[in-house]
Amino acid sequence: MKKIFALILAVCMLTCLTSCGGGKLFMATGSETGTYYAFGIAFTQVLKDKAGVEIGVQSTGASKANIQLIDSGDVNLAIVQNDVMDYAYNGTNTFADEGAITSFAAICTMYPETIQIVAKTGINSIADLKGKVVSVGDVGSGTEFNAAQIFEAYGMTFDDIQKQNLGFTDSADKFKDGQLDAFFCTAGAPTVAITELATSTDFTILSIDAAELAWLQENYGYYTEYKMPAGTVYENIKEDVTTVAVMATLICDADLDEETVYNITKGIYENLADITTAHAKGAELVLEKATDGISTPMHPGAVKYFTEKGVIGG
Ligand code: GLU
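Described in the following lines is the structure provided in the data block. (Residues numbered from 1 in each chain as written. Predicted model: local features only at pLDDT ≥ 70, side-chain atom pairs only at ≥ 80, totals over all residues. Heavy atoms only, no water.)

Okay, the overall build of the chain next. When helices and strands are counted, the chain shows twelve helices and ten strands. The C-alpha radius of gyration computed for the chain amounts to 20 Å, which stays within 12% of the reference 20 Å derived for 314 residues, consistent with globular compactness. Dimensions of the chain, computed from C-alpha atoms along their principal axes, come out at roughly 60 × 55 × 40 Å. In the chain, once contacts between residues fewer than 6 apart in sequence are set aside, the share between residues at least 24 apart is 75%. Per element, the accessible surface of the chain, about 13800 Å² overall, is 51% carbon and sulfur. (Helix = DSSP H or I, 4+ residues; strand = E, 2+ residues; numbered from the N terminus. Rg over C-alpha atoms; globule rule 2.2 N^0.38 Å. Contact = heavy atoms within 4.5 Å. Areas by Shrake-Rupley, 256 points an atom, 1.4 Å probe, with all protein chains shown as cover.)

This part takes up empty space enclosed by the protein. Over the atoms rolls a probe the size of a water molecule, and its path tells where empty space is left. Applying the stated criterion across every chain yields a total of three cavities of 30 Å³ or more. Size it by volume and the largest cavity reaches roughly 90 Å³. Lining the largest cavity are 16 residues, and of these Y36, A62, E113, F168 and T186 sit closest to its centre. Grouping the amino acids of the lining of the largest cavity by side-chain chemistry returns five nonpolar, ten polar and one charged. Reported here for the second largest cavity is a volume of approximately 50 Å³. (1 Å grid on protein atoms, 1.4 Å probe; cavity = no way out; pocket = protein on both sides within 12 Å on 5 of 7 lines; lining within 4 Å. Points joined across faces, edges and corners; volume = space filled by probe spheres on them. Nonpolar A, V, L, I, M, F, W, Y, C, P; charged D, E, K, R; others polar.)

Our next topic: the site of the ligand. Looking at the ligand, there are 14 residues lining it, with T35, Y36, S63, Q81 and E113 nearest. Note that an oxygen atom of the ligand is positioned 2.7 Å from one of the backbone N or O atoms of T35. Computed on the free molecule, the ligand has an accessible area of 300 Å², of which 99% lies beneath the protein chains in the complex. Structurally, the ligand is housed in the largest cavity. When contributions to the shell around the ligand are tallied by element, the ones reaching two or more residues are helix 2 (35–51) and strand 7 (182–187). When the residues that make up the shell around the ligand are grouped by side-chain class, the tally is four nonpolar, nine polar and one charged. (Near = heavy atom within 4 Å. Polar contact = N/O pair within 3.5 Å; in protein donor to acceptor, adjacent residues only side chain to side chain. Sits in = over half its atoms within 2 Å of the grid points.)

Inspection of the secondary structure assignment puts T201 in the loop between helix 8 (192–198) and strand 8 (204–205). What makes T201 buried here is its relative accessible area of 15%. In this structure the side chain of T201 is engaged in a polar contact, spanning 2.9 Å, whose partner is the side chain of S200. Setting aside chain neighbours within four positions, we find T201 in contact with F175, K176 and N236. (Buried < 20%, exposed > 50% of the residue type's maximum accessible area, 1.4 Å probe, protein only.)

This part covers a negative patch on the surface. The grouping of D170, D173, D177 and E196 at the surface amounts to a negative patch. Within the secondary structure layout, D170 lies in helix 7 (residues 168–176). Taking the relative accessible area as the measure of exposure, D170 reaches 42% and is therefore partly exposed. (Patch = residues over 30% accessible without salt bridge, like charges linked within 9 Å, V, L, I, M, F, W, Y side chains within 5 Å. Salt bridge = Lys/Arg side-chain N within 4 Å of Asp/Glu carboxyl O. Lys, Arg positive; Asp, Glu negative; His and termini not counted. Charge placed at Lys NZ, Arg CZ, Asp CG, Glu CD.)

To continue, consider the pattern of salt bridges. A full pass over the atoms with the stated rule returns seven salt bridges. Put simply, K64 and E98 hold a salt bridge, and the shortest N to O gap is 2.9 Å. With a gap of 34 residues between them, K64 in helix 3 (residues 63–71) and E98 in helix 5 (residues 95–98) connect regions that are remote in the sequence. Judged by relative accessible area, K64 falls into the buried class, the value being 11%. With a relative accessible area of 49%, E98 lands in the partly exposed category. In this structure, K120 engages D181 in a salt bridge whose closest nitrogen and oxygen atoms are separated by 3.0 Å. With a gap of 61 residues between them, K120 in the loop between strand 4 (104–119) and strand 5 (133–135) and D181 in the loop between helix 7 and strand 7 connect regions that are remote in the sequence. Residue D181 is classed as buried on the basis of its relative accessible area, which comes to 13%.

Packing of helix 3 against helix 4 (residues 82–90) leaves a shortest axis separation of 9 Å and a crossing angle of 50°. Taken together, the axes of helix 3 and helix 4 lie oblique to each other. You can see that helix 3 and helix 4 cross each other, and the crossing is right-handed. Judged by residue contacts, S63, K64 and I67 of helix 3 engage V84, M85 and A88 from helix 4. (Axes fitted to C-alpha atoms, helices over the stretch in contact; angles between N-to-C directions. Parallel < 35°, antiparallel > 145°, perpendicular 65-115°, else oblique. Left-handed = near helix turned anticlockwise from the far one by under 90°.)

Attention now goes to unusual backbone geometry. The linkage connecting A189 with the following residue, P190, adopts the cis geometry, with an omega of 0°. Note on placement: P190 falls in the loop between strand 7 and helix 8. A positive phi angle is found at A62, which is not glycine, with a value near 90°. Assignment of secondary structure puts A62 in the loop between strand 2 (55–58) and helix 3. Owing to a relative accessible area of 12%, A62 belongs among the buried residues under this scheme. Notably, N93 is not glycine yet its phi reads approximately 55°, a positive angle. Position of N93 among the secondary structure elements: in the loop between helix 4 and helix 5. Classification of N93 as partly exposed rests on a relative accessible area of 32%.

Written out as structure tokens, the structure reads:
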């Protein structure tokens, strides 16, 4: 009996925590060795200290799963890719089967997420991945969308590879053990999973060829070209890498109250120096570009702050 009572109490507390105004909020991120998670921990700590907003950070399958977690009311905030947000809101791509999700609202874009294709040395092109064991990202990740589209640019599909759905931590572990030939990782670079891998294992990062890159940009509007000069992002990479990037975007439940979202937005943009001290990606947040790349509705709390600052309107 006592156990049942404790369980009911725990459920009530959790419901209250996620839905009561003024209580602690929860944010969905991604794999623990991705960038959402580390950056999420960094900026929410600053928000707690400087703006009095308390946000608990959860590790998840990433972008698509995060939008679903907002929709089901399990979390209040999430970091997601801007391309996946658009597919969700408009019910396109893999959201075509499950239906559009429109219960979220955008707060701001944060930093570019690089599509990194880590491969065994000796594999020199994306076309060479044919028949290979390749992880295309976790189930529910945005990474999987990018992998599918990049293969499409090369006239390939997931049927051409031995597909695995693994998060970044598992991808890096299996790659290290020789069980994977390559893995996709769409995340702010350098990404912890890849930096850690570099301490023990040789690998290369594949470039997207010019024609295929142009095709990608023409057919999927969210990709921007992204260059990683040799030895800069990862010391062991001896050649320049040309790939693409999308934008990490902070979103929230569209029903989250305006004052809370205003405080979060203001708390982020008025404490960028502290956020940068906590995580290097903070340096990539630029007030003037805070709404670039967002194609779905913004939350009124964020609109209020950005209007005050002259970023939108005027
Ligand atoms: N962008 C990735 C995804 O949604 C997650 C990135 C990260 O965890 O940093 O698949």
